[in-house]
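Descriptive structure summary
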Amino acid sequence: MRWLTAIAVVGVLIYGPFQILSSGKYGAENWIAFVIFGLSQGSLYALIALGYTLVYGILRMINFAHGEVFMSGAYIGFFAADALNRSGRLDSVGGALFGLVIITLVAVAGSTTIAVLLERIAYRPLRRAPRLVPLITAIGASLFLQYTFSGLFGSGLRTYPTIDLLKGSFKLGSVPILKVHVLVFVAAVGLMTLLYLFVQRTRAGRAMRAVSEDKDTAALMGINVDGVIVQTFMLGGALAGVAGVLHALIYGQVVFNMGFQPGLKAFTAAVLGGIGNVPGAMLGGLFLGVVESLGPALFLEGLGIPAPHQLKDAIAFSLLVLVLVFRPTGILGERVAEKRA
């Protein structure tokens, strides 16, 4: 059965692209535009996925409330953006740059605070409990955050102000690239690089890796395990806050349940890359974004499916299922598990 599934998947992966490429419906410019949008979207997934993978690497739990940490960053940042817009501070170039920094800092402060409170109130008392218990707690915390924001701020959409500095596009040959997509990609890659260097090159990063290997031994070596875990939630929360602002800059709106779907996609990206593995989460996010952008046109349109772009979510979650079936450790594997083995 497993091999029949593999043969069916390979058949779709060959037949669909052959049909659409031979039809000449899309030119090189269209495919490049698909890839650029995918990289931008994938950058957001990667930033959120890092929160899942950092927490899993340390605590071996899936923090299903992380999507709501992302939502809280975007939502709290909205109030700063709205206040700056009303005061007219986003109209000039200098004011817009200053405003973006302030919006991001406010969002990061909000999402980091919520991430740390989750760890302190919901997860720390259950650290020695069976794995199912914190998992259920995380789902409960996710719903709690959603309905708290809905109750406090309403269930309707709130529109982020448009920033003139981010309007328009650059040209890559004849392919237009939206400025906001460039900002998202550059910011995400920069942050992911900084995180990787932090984990690999700093004393605090070495402490994180030691705790992920064995908490008890790390404690015997003098490492403050509780402090490292709080630091991990802070890092994940901060990255989710930045991702929330970048997401709002692309889509221009926030709502109390906006974290559910990106959170699920980011979890897929983390599993795809190898959950617990920081470079894997980055790679998984970018890969998922590109496949989700290219996949409907490349794989499904050639099969004669009338509305292939409506199935982009199906592609993402089909990828998750296929990875779990054929390579449960993800593209780069789970580094900690390999070392323990």
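Residues numbered from 1 in each chain as written. Predicted model: local features only at pLDDT ≥ 70, side-chain atom pairs only at ≥ 80, totals over all residues. Heavy atoms only, no water.

**Notes on the packing of helix α2 (residues 28-59) against helix α3 (residues 66-86)**
Running from N to C, α2 and α3 point in directions that differ by 135 degrees, and their axes come no closer than 10 Å. Considering the angle they form, α2 stands oblique to α3. Where α2 crosses over α3, the handedness of that crossing is right-handed. Only His 66, Gly 67 and Phe 70 of α3 make contact with α2, whose side of the interface consists of Ile 48, Gly 51 and Tyr 52. Its residues assigned to classes, the contact of α2 with α3 comprises 3 nonpolar, 3 polar and no charged. (Axes fitted to C-alpha atoms, helices over the stretch in contact; angles between N-to-C directions. Helix = DSSP H or I, 4+ residues; strand = E, 2+ residues; numbered from the N terminus. Parallel < 35°, antiparallel > 145°, perpendicular 65-115°, else oblique. Left-handed = near helix turned anticlockwise from the far one by under 90°. Contact = heavy atoms within 4.5 Å. Nonpolar A, V, L, I, M, F, W, Y, C, P; charged D, E, K, R; others polar.)

**Here we look at a nonpolar patch on the surface**
On the surface, Leu 283, Phe 287, Ile 331 and Leu 332 cluster together to form a nonpolar patch covering roughly 310 Å² of accessible area. Along the chain, Phe 287 turns up in helix α11 (residues 278-300). (Patch = residues over 30% accessible without salt bridge, like charges linked within 9 Å, V, L, I, M, F, W, Y side chains within 5 Å. Areas by Shrake-Rupley, 256 points an atom, 1.4 Å probe, with all protein chains shown as cover. Salt bridge = Lys/Arg side-chain N within 4 Å of Asp/Glu carboxyl O.)

**Here's the deal with the packing of α2 against helix α6 (residues 179-201)**
Two numbers describe how α2 lies on α6: the axes approach to 8 Å, and their chain directions differ by 30 degrees. Classified by the angle their axes make, α2 and α6 are roughly parallel. Of the two elements, α2 crosses α6, and the hand of that crossing is left-handed. For the pair α2 and α6, contact is made by Phe 37, Leu 39, Ser 40, Ser 43, Leu 44, Ala 46, Leu 47, Leu 50 and Leu 54 and by His 181, Val 184, Phe 185, Ala 188, Leu 191, Met 192 and Leu 195, respectively. Residue classes in the contact of α2 with α6 are distributed as 13 nonpolar, 3 polar and no charged.

**Notes on the nonpolar core**
One finds Leu 47, Leu 50, Tyr 123, Tyr 160, Leu 249 and Val 254 to be the most contacted residues of the largest nonpolar core, which totals 88 residues. Residues Ile 20, Trp 31, Phe 34 and Leu 298 belong to the second largest nonpolar core, which totals 8 residues. (Core = buried A, V, L, I, M, F, W, Y, C linked by side-chain atoms within 4.5 Å. Buried < 20%, exposed > 50% of the residue type's maximum accessible area, 1.4 Å probe, protein only.)

**A word on helix α10 (residues 260-273)**
Taking 1.5 Å as the rise per residue, α10 with 14 residues should run 20 Å; its terminal C-alpha atoms sit 20 Å apart, in good agreement. One or two residues past the end of α10 sits Gly 274, with phi positive at roughly 115 degrees. (Expected span 1.5 Å × (residues − 1).)

**Some words on the pattern of salt bridges**
For side chains of opposite charge, pairing can occur when their charged atoms come near one another. One pass over the full model with this rule turns up 9 salt bridges. Between Glu 119 and Arg 124 there is a salt bridge, with the nearest N and O atoms lying 3.2 Å from each other. Residue Arg 124 is classed as partly exposed on the basis of its relative accessible area of 21%. For Asp 313, the salt bridge goes to Lys 265, with nearest N and O atoms at 2.7 Å. Highlighted residues: Asp 313 in helix α12 (residues 312-326) and Lys 265 in helix α10, separated in sequence by 48 residues. On the accessibility criterion, Lys 265 (3% relative accessible area) is buried. Salt bridges linked by common partners bring Glu 119, Arg 124, Arg 127 and Asp 226 together as one network.

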